[in-house]
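# Descriptive structure summary
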Amino acid sequence: MRTEATRPADSLAALSPAESARLMAVMRDAALSRGRLPLPARPVIGQSWDRMLRLGLDPDRGHDRGLLSLDELERRRQATRLADVLPTLHSGLLEAAEAAGHIMIIADADGRVLWIDGHRGIRRHAEGIALTEGAHWAEETAGTSGIGTALAVRAPVRVHSAEHFVRAFHTWSCAAAPVRDPRDGQLLGVIDISGPAPTAHPTVLSLVTATARWAEGELRLAHSRELDALRALAAPVLARIPGKAAVVDRHGWVAAVTGISPQDHRLPLPKAAREAPYGPVWLPSLGTCAVEPLPGGHLLRVLDGEDGDPAAPAGPGHLVLDVRHPHHWSLTFSGPSGAWTHGLSARHAELLLVLAAHPEGRTAAQLAHDLFGDPTRTVTVRAAMSRLRGRLGAVLTHRPYRFADRIRVEVRSPDRRQDLLPFSVAPAVTRMRTEPLF
């Protein structure tokens, strides 16, 4: 996608809304034809347009946004934690949406619209573009939009007028922000305000973002109360245990301990913890543990390993680094004592992918060059590796940073190289998209 440099990038802001909309339409049409843009699109918009072109999405109507059945819609509403913060979302957004002649939309992590409320006239208008409860509004069906693009980039996004990839939505403006589950960092969905482009105000994105953070705060408080209840239950249990032990909730958050000082507030739970009977399992920060059920969580009794120096797993281990999905990445360990899976942040996924490509190890300076193109950014790298080693313990070693010798590493990558960590700009990852991975 080429751009001309003859006009400043902030020219759109100096134009009237009508002139701005016309220029954005010209920019979009140039992008569709792979021609020269009169102005560079905002990065989040230009990158989304490129994704839609690679997908071959219909630029006039998008793809079918078929509705969920009423039973499936209700099942999703009851299953999501977004339902727990509906009063917060309504009090933060609904009045503002109605006053502006807009609608408030709540969608789940798949892009399925769960609830719509707000101005009645605009709700009827939204039905004309299949913006209804149960419809699918992820990027692959609806193109560049507040809902779909906020889900894709995991960040607040405003999409105005012809910034929408699909022409049928050019009369709309939308602002959306993601909401995450503070217990595990997983995306719950997005909240969005949409309405006619001429009446939209740029500050609505700040309101939506603040409301999303407010909702996450409510969920965090609820989780804190759950941990307090588990902590009260754990106290008499741990008092009867002579050795080292920890009580964690179902997501691995530590409620109470005895005889140990975990390096992290959350431990990766083994898959066996969801099954019965429980057998010995190996955790990277504690060593081999016996797992026993507790109401609302698990009791982990340490069988070997010293505090701060967890024993390596008995026998060779197998690690699977799964980076196939564009937004969700994980590390799964399996060995003689069981298995566990740890969700990864984007930065940790980048680091582990680079280490997997370099089994001999990397120094802090080399990792800084791999991630930032700047070998002097070693402080940032060491901080990230310290957090990662705190969670993965004996899986990783250092001097240089590398996977432990007894562990076999497997990388599961996307079918197409160009889809590898698509939002990463790390030089090493960029090279991997054009060269053989290993």
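Quick summary incoming for the structure in this document. (Residues numbered from 1 in each chain as written. Predicted model: local features only at pLDDT ≥ 70, side-chain atom pairs only at ≥ 80, totals over all residues. Heavy atoms only, no water.)

## Quick look at the pattern of salt bridges
Inclusion rule: The salt bridge definition used is simple: a Lys or Arg side-chain nitrogen within 4 Å of an Asp or Glu carboxyl oxygen.
Across all of its chains, the model carries 20 salt bridges by this definition. The structure contains a network of salt bridges with shared partners spanning Glu72, Arg75, Arg76, Asp108 and Asp110.

## Thoughts on the packing of helix 10 (residues 346-357) against helix 11 (residues 364-372)
The condition that has to hold: Structural elements are reduced to axes, namely lines fitted to C-alpha atoms, with helices fitted over the stretch in contact, and the angle between N-to-C directions of any two is expressed from 0 to 180 degrees. Numbering of helices and strands runs from the N terminus, with a helix taken as a DSSP run of H or I at least four residues long and a strand as a DSSP run of E at least two residues long. Any angle that falls under 35 degrees is termed roughly parallel, while one over 145 is termed roughly antiparallel, one within 65 to 115 roughly perpendicular, and all others oblique. Definitions for this section: a left-handed crossing has its near helix turned counterclockwise from the far helix by less than a right angle. A right-handed crossing has that turn clockwise. Contact definition: two residues touch when any of their heavy atoms are within 4.5 Å. By the convention adopted, Pro, Cys, Tyr, Trp, Phe, Met, Ile, Leu, Val and Ala count as nonpolar, Lys, Arg, Asp and Glu as charged, and the other residues, Gly among them, as polar.
For the pair helix 10 and helix 11, interaxial distance at closest approach is 11 Å and the crossing angle is 120°. Here helix 11 runs oblique to helix 10, going by the angle between their axes. The interaxial crossing formed by helix 10 with helix 11 has right-handed handedness. For the pair helix 10 and helix 11, contact is made by Arg347, Glu350, Leu351, Val354 and Leu355 and by Leu367, Asp370, Leu371 and Phe372, respectively. A per-class count over the contact of helix 10 with helix 11 returns six nonpolar, no polar and three charged.

## Comments concerning unusual backbone geometry
Our working definition: Burial here depends on accessible area, computed with a 1.4 Å probe over protein chains only, as a share of the maximum for the residue type. Under 20% is buried, over 50% is exposed, and the range in between is partly exposed.
Residue Pro400 follows Arg399 across a cis peptide bond; omega there is -5°. Positive phi, normally seen in glycine, also occurs at Ala130, with a value near 60°. Here Ala130 is to be found in the loop between helix 6 (120-127) and helix 7 (139-142). For Ala130, a relative accessible area of 27% translates into the label partly exposed.

## Some details on empty space enclosed by the protein
For clarity, the cut-off: Using protein atoms alone on a 1 Å grid, points that fit a 1.4 Å probe yet trap it form a cavity, whereas open point sets bounded by protein on both sides within 12 Å along at least five of seven lines form a pocket; residues with an atom within 4 Å of a point count as lining. Grid points are joined across faces, edges and corners, and a volume is the space filled by probe spheres set on the points.
Under the criterion given, the structure shown has two cavities of 30 Å³ or more. Empty space within the largest cavity amounts to approximately 100 Å³. Along its surface, the largest cavity is lined by 13 residues, and Leu131, Trp137, His164, Cys174 and Ser194 are the ones closest to its centre. Of all elements in the fold, only helix 8 (146-153), strand 6 (172-180) and strand 7 (187-196) reach the threshold of two or more residues within the lining of the largest cavity.

## Concerning helix 10
Test applied: Expected helix span is taken as 1.5 Å per residue step, with the number of steps being one fewer than the number of residues.
For helix 10, spanning 12 residues, the distance from its first C-alpha to its last is 17 Å, which sits close to the expected 16 Å at 1.5 Å a residue. Most of helix 10 sits out of view: nine of its 12 residues are buried. Every buried residue of helix 10 is listed here: His348, Ala349, Glu350, Leu351, Leu352, Leu353, Val354, Leu355 and Ala356.

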